[in-house]
Amino acid sequence: MFRRLLGFAALAGAMAAPAAAQDLIGLTRAIGVAERSLSARAIEGELETSGGRLVYEIDLVRGQVLHRALIDARTGKLVSAVKPRAENWLRGWFDKDRLRSGGKATPLSEHLVALERHSRGEVKEVEFEIHKGRGVYEIELATAAGIGKVRLDASTGQRIALAHDD
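This text gives an overview of the structure that appears in the document.

Rules used in this analysis
- Residues numbered from 1 in each chain as written.
- Predicted model: local features only at pLDDT ≥ 70, side-chain atom pairs only at ≥ 80, totals over all residues.
- Heavy atoms only, no water.
- Buried < 20%, exposed > 50% of the residue type's maximum accessible area, 1.4 Å probe, protein only.
- Helix = DSSP H or I, 4+ residues; strand = E, 2+ residues; numbered from the N terminus.
- Pairing = 2+ DSSP bridges.
- 1 Å grid on protein atoms, 1.4 Å probe; cavity = no way out; pocket = protein on both sides within 12 Å on 5 of 7 lines; lining within 4 Å.
- Points joined across faces, edges and corners; volume = space filled by probe spheres on them.
- Nonpolar A, V, L, I, M, F, W, Y, C, P; charged D, E, K, R; others polar.

Considering the pairing of strand β8 (residues 159-164)
Okay, so step 1: Counting buried residues along β8, only 0 of its 6 residues qualify, which leaves the element largely exposed.
Okay, so step 2: Pairing of strand β7 (residues 146-153) with β8, which is carried by 5 bridges, proceeds in the antiparallel orientation. Pairing of R151 across the sheet is with A161, part of β8.
Okay, so step 3: Linking β7 back to β8 in an antiparallel pair, the connection comprises 5 residues, with G157 at a positive phi of about 85°.

Below you can see the structure in the form of structure tokens.
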């Protein structure tokens, strides 16, 4: 919850300065960098603040192990990559289906590029969940029509649902 609040604060700060926001590489590109750098599948991503700078925090799975990458939001360079030990241990006990499904998902960056191209929008946040036994990406997408949520099947990239936020 606290991480999410910090992410919204960082996002709000970036949006408050239009010139600065245009300088950000975007979550889609950051996820591509993280997937290539760690040879892993991204399952979640959002804009955060770390050490006084804007970064994209990307959670990835390789095998059934969670990795967390920080990508500089302005340069697109990998800032750090870690395997959060305590979180991996807990997820191994309580969330192993999520890690297993996330590791088998198709590359998220490819789906996000196609989604942005088709919608002419920008991906703001991605979450991964198990819904009715299958892996699903829930994507927050900003378009000229407003902010919406798109749900994609993680195995195929097919759109499952589309909803407009008020």
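A short note on the layout of surface pockets
Okay, so step 1: As a volume, the largest pocket reaches approximately 340 Å³.
Okay, so step 2: Around the largest pocket sit 19 residues that line it, and L115, S119, L141, V150 and R159 are the ones nearest its centre.
Okay, so step 3: Elements that contribute at least two residues to the lining of the largest pocket include exactly α6 (108-119), β6 (134-143), β7 and β8.
Okay, so step 4: Taken together, the residues of the lining of the largest pocket break down into 9 nonpolar, 9 polar and 1 charged.

Considerations on unusual backbone geometry
Okay, so step 1: With a phi close to 55°, R120 is a non-glycine residue in the positive phi region.
Okay, so step 2: Relative to the helices and strands, R120 is located in the loop between α6 and β5 (122-131).
Okay, so step 3: Backbone geometry places K132, a non-glycine residue, at a positive phi of 55°.
Okay, so step 4: For K132, the location among the structural elements is in the loop between β5 and β6.
Okay, so step 5: Classification of K132 by relative accessible area gives exposed; the value is 79%.

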